[in-house]
Amino acid sequence: MKKTVQHDPSCADDFDPASITIDQARLNIEDDISPITGKEKIALRSALNRVLAEGIQSPIKVPAHNNSAMDGYALAGSDLPADEVKSYVVIGTAFAGKPFPSTCQPGQVVRIMTGAVIPEGCDTVVMQEHVQSSDETNIEIGEGHRTGQNVRMAGEDIAQGTTVIEAGRRLTPSDLGILASVGVAEVNVFRRPRVAFFSTGDELKSVGETLNAGDIFDSNRYSLYGMLTRMDVEILDMGVVRDDPQALRDALLMAADMADLIITSGGVSVGEADYIKTILDEIGDIRFWKIGMKPGRPLTFGKINNARFFGLPGNPVSVMVTFYQFVQPALHYLSSGKTKAPITIPAICTTSLRKRPGRFEFQRGIYEQDENGKLTVKKTGQQGSGILSSMSHANCFILLPVELTSVAEGEIVQIQPFEGFI
Ligand code: AMP
Ligand code: MG
C-alpha cells in the first residue's frame, strides 16, 4: 500500500503524488525476478558465499565413535564404587587417533585423553582431577560418579543421514567446517549471477585518461565494481558509453546477451532521459519510477531480452544508495531466491538533522559505541548527492522517514550499518 504524508503537499516540499515507496519498489523488483536455476559442482574450498543447490546429508556420524570429553580414566559404569573408595589397575592408555587395542575388565581402567575412542568394556570416564593415584599403574576412585559421564556419544553432533545444510543456503565459514567434518569434498551450487555494467555520459573519462575542459573522471564504475565484488557475482565491466543513441542501444543489447543483470548509471537528467527512455521502450520492457526517496528518486527497472535492467541515477551518492537499497536485495534474490532487506537498528543521534518533508531520506552517518556502551550516530558533513566524500567518511545510512522535518540532538534515529550490506 502506498504511504501517505501527514500534511498537504505544497511547492515547498518534495512530495510527488506519482511516486512509489521504497518498499513497493523492492517488492515490484522481486516479483519480476526468477532466481537462477543453473548449477555447477565445485570444490568445498571454493564454495564460500555460494548458494547451495542441493541439501547435503551426512554420510557419516559425527562424532564417528563414542569418545572421551575429558582427560581421565575409562571404565565400566557397573564397576564404579557405590559408597566406598575402590582401587583399580591401569592397563594402558587411549589417545585421540590411537585407540586402546584390548578390552577392559572389572577392576581395571584405561588412561584416556580427550577425543580418544572409549575402549571396549568401558562406557564411563572419571576426570583425572577426581582420581587418587598411588603410582602409574594403580589408582583409586571414590563415590559420586555415574555411568556414562564424560562420554560424547557417536552421532551426538550429527546423526548419519541428517541434512546438515539445506538447499538455498549461502555458505559461511562454519558451513564449510561442517561439510568438511562429514567428509564432503565437493558441493553443488547455483551458478553466480553475471552482472554487466557501464557508465553513460559525454563528460566521463576513465582513470588514466586526460581530462579536457568540462570532463570528470568516471567514479561510479569503481564504486559499483567494489560493491559488486563484495557480493560474489561475475562482473562484466563495459566501460563508458557516450550519450549517443546508437552506442547506447548497442551496449544494452550486448549486455543483455551476456548478463543476468545490467546496471547503468547516469542519463536521467532532462534531455538525456528522453532519448534513453525511447531506446529502452524500444528494446525492453521497462518501468520508470519516481521513488519517494532522497537521494535516488528516479530509478529505472525492467527487462531487456532475458536480462534484468537497473538504470541508476548518475550522481555518485545516488548510485550507492540505490545499489544498496534495490540492486543488492535484487542480486541476493536472483542468486538465492531469498529476500534480504537491509538491517535497521536504533541509535542516539548526536547531531541535529534537518530535511524537507515529502521524501524518505538516506543521510550518511558515522555510528559508534559511546563509553556507556550506547550506540550513537552523527552525520558526515554535507549531504549533497554528488558529494561522495560524505559516503566515504560514513559507516552507515541515517534513515529519515518521509514526514520528518528535523531531528534534535539526543533523539533516536534508525540507522543501516554498511557492514549489514555485505
Ligand atoms: P546524469 O544522470 O547523467 O545527468 O548525471 C547526474 C550527475 O552525475 C552529473 O553531474 C554527472 O556528471 C554525474 N555523473 C554521471 N555519471 C557519473 C559517473 N559515472 N561518475 C561520476 N559522476 C557521474
Ligand atoms: Mg549524463
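As annotated in an unreviewed UniProt entry, the protein is Molybdopterin molybdenumtransferase from uncultured Thiotrichaceae bacterium. Quoted verbatim from the Catalytic activity (unreviewed entry) field of UniProt, the annotation for the protein is "adenylyl-molybdopterin + molybdate = Mo-molybdopterin + AMP + H(+)".

Undergrad: What should I look at first to understand the overall build of the protein in this one?
TA: Check the secondary structure of the protein and you find 7 helices and 28 strands. Taken against the 2.2 N^0.38 rule, which gives 22 Å for 422 residues, the C-alpha radius of gyration of the protein at 31 Å runs more than 25% over that of a compact globule. Principal-axis analysis of the C-alpha atoms places the extent of the protein at approximately 95 × 50 × 45 Å. Every one of the 422 residues in the protein was classed for burial, and the buried ones make up 45%. Expressed as a percentage of contacts within the protein between residues at least 6 apart in sequence, the contacts between residues at least 24 apart total 71%.

Undergrad: Before we go on, may I ask you to explain the packing of helix H4 (residues 245-258) against helix H5 (residues 272-283) in this structure?
TA: Two measures define how a pair of helices packs: the angle their axes make with one another and the distance between the axes. As a packed pair, H4 and H5 sit with axes 10 Å apart at the nearest point and diverge in direction by 40°. Looking at the two axes, H4 sits oblique to H5. Seen from above, H4 lies across H5 with right-handed handedness. Listed contacts from H5 to Pro245, Leu248, Arg249, Leu252 and Leu253 of H4 are Tyr275, Ile276, Ile279, Leu280, Glu282 and Ile283. For the contact of H4 with H5, the per-class residue count stands at 9 nonpolar, no polar and 2 charged.

Undergrad: Any chance you could explain the site of ligand 1 here in plain terms?
TA: In the vicinity of ligand 1 there are 17 residues, among which Glu203, Asp218, Gly267, Ser269 and Glu272 approach most closely. In this structure, a nitrogen atom belonging to ligand 1 sits 3.0 Å away from a main-chain N or O atom of Ser219. In this structure, Gly267 approaches ligand 1 through a main-chain N or O atom, which is 2.6 Å from an oxygen atom. Considering ligand 1 on its own, with 480 Å² of exposed area, one finds that the protein chains cover 82% of that surface. Considered class by class, the residues forming the shell around ligand 1 number 5 nonpolar, 9 polar and 3 charged.

Undergrad: Quick question: what am I supposed to make of the sheet that holds strand E8 (residues 131-135) here?
TA: Within a sheet, each strand pairs with its neighbour through backbone hydrogen bonds, oriented either parallel or antiparallel. Here 6 strands make up an open sheet; going across it, the order is E7-E4-E6-E5-E9-E8 and the pairing mixed. The outermost strands of the open sheet, each flanked by one partner alone, are strand E7 (124-127) and E8. For this sheet, the mean angle separating the axes of adjacent strands, direction not counted, is 40°. Note that strand E4 (residues 72-75) and E7 share 4 bridges and pair antiparallel. Directly across from Tyr73, in E7, lies its bridge partner Val126.

Undergrad: Just to check I follow, could you spell out the UniProt feature "domain: MoaB/Mog" (unreviewed entry) in the protein for this structure?
TA: In this numbering, the UniProt entry assigns the feature "domain: MoaB/Mog" (unreviewed entry) to residues 196-333. Between the C-alpha atoms that bound residues 196-333 the distance is 17 Å, and the span itself is 40% helix and 32% strand.

Undergrad: How should unusual backbone geometry be read in this particular structure?
TA: What you tend to see is this: most non-glycine residues have negative phi, and most peptide bonds are trans. For the bond from Val62 to Pro63, the omega torsion is -5°, close enough to zero to count as cis. With respect to the helices and strands, Pro63 occurs in the loop between strand E2 (56-57) and strand E3 (67-68). Notably, Asn150 is not glycine yet its phi reads approximately 60°, a positive angle. Turning to its location among the elements, Asn150 is positioned in the loop between strand E9 (138-141) and strand E10 (151-152). Despite not being glycine, Asp232 shows a phi value in the positive range, around 60°. Take Asp232: it is sitting in the loop between helix H3 (220-230) and strand E16 (234-241).

Undergrad: Sorry, what's going on with the domain arrangement of the protein here?
TA: When the parts of a complex come together, some accessible area is lost, and that lost area is often taken as the interface size. According to the domain assignment, the protein contains domain 1 (22-36 + 191-336), domain 2 (39-62 + 156-190), domain 3 (67-152) and domain 4 (345-421). Averaged C-alpha coordinates put domain 1 and domain 4 at centres separated by 26 Å. Contacts between the two partners involve 17 residues from domain 1 and, on the opposite side, 15 residues from domain 4. Carbon and sulfur atoms supply 63% of the area that domain 1 and domain 4 bury against each other, a total of about 1,500 Å² over both sides. On the domain 1 side of the interface with domain 4, the three residues burying the most area are Lys294, Val317 and Tyr324, jointly 38% of the side's total. Here domain 1 and domain 4 share 0 salt bridges between them.

Undergrad: For this particular structure, what's the right way to read the environment of Lys374?
TA: Position of Lys374 relative to the elements: it lies in the loop between strand E24 (360-369) and strand E25 (375-379). A relative accessible area of 47% places Lys374 in the partly exposed class. In this structure, the C-alpha to C-alpha distance between Lys374 and Ile348, residues 26 residues apart in sequence, is 7.8 Å. The residues touching Lys374, leaving out its near neighbours within four places in the chain, are Ile348, Glu368 and Gln369.

Undergrad: Any chance you could explain the side chain of His145 here in plain terms?
TA: Along the chain, His145 turns up in the loop between E9 and E10. Separated by 3.0 Å, the side chains of His145 and Gln149 make a polar contact. Excluding residues within four positions of it along the chain, His145 makes contact with Leu80, Val126 and His130.

Reading the values: the criteria
Residues numbered from 1 in each chain as written. Chains lettered and ligands numbered in written order. Predicted model: local features only at pLDDT ≥ 70, side-chain atom pairs only at ≥ 80, totals over all residues. Heavy atoms only, no water. UniProt positions renumbered as here; feature names shortened; annotations may be inferred. Helix = DSSP H or I, 4+ residues; strand = E, 2+ residues; numbered from the N terminus. Rg over C-alpha atoms; globule rule 2.2 N^0.38 Å. Buried < 20%, exposed > 50% of the residue type's maximum accessible area, 1.4 Å probe, protein only. Contact = heavy atoms within 4.5 Å. Axes fitted to C-alpha atoms, helices over the stretch in contact; angles between N-to-C directions. Parallel < 35°, antiparallel > 145°, perpendicular 65-115°, else oblique. Left-handed = near helix turned anticlockwise from the far one by under 90°. Nonpolar A, V, L, I, M, F, W, Y, C, P; charged D, E, K, R; others polar. Near = heavy atom within 4 Å. Polar contact = N/O pair within 3.5 Å; in protein donor to acceptor, adjacent residues only side chain to side chain. Areas by Shrake-Rupley, 256 points an atom, 1.4 Å probe, with all protein chains shown as cover. Pairing = 2+ DSSP bridges. Domains from an automatic or database assignment. Buried area = accessible area lost by both parts, 1.4 Å probe. Salt bridge = Lys/Arg side-chain N within 4 Å of Asp/Glu carboxyl O.

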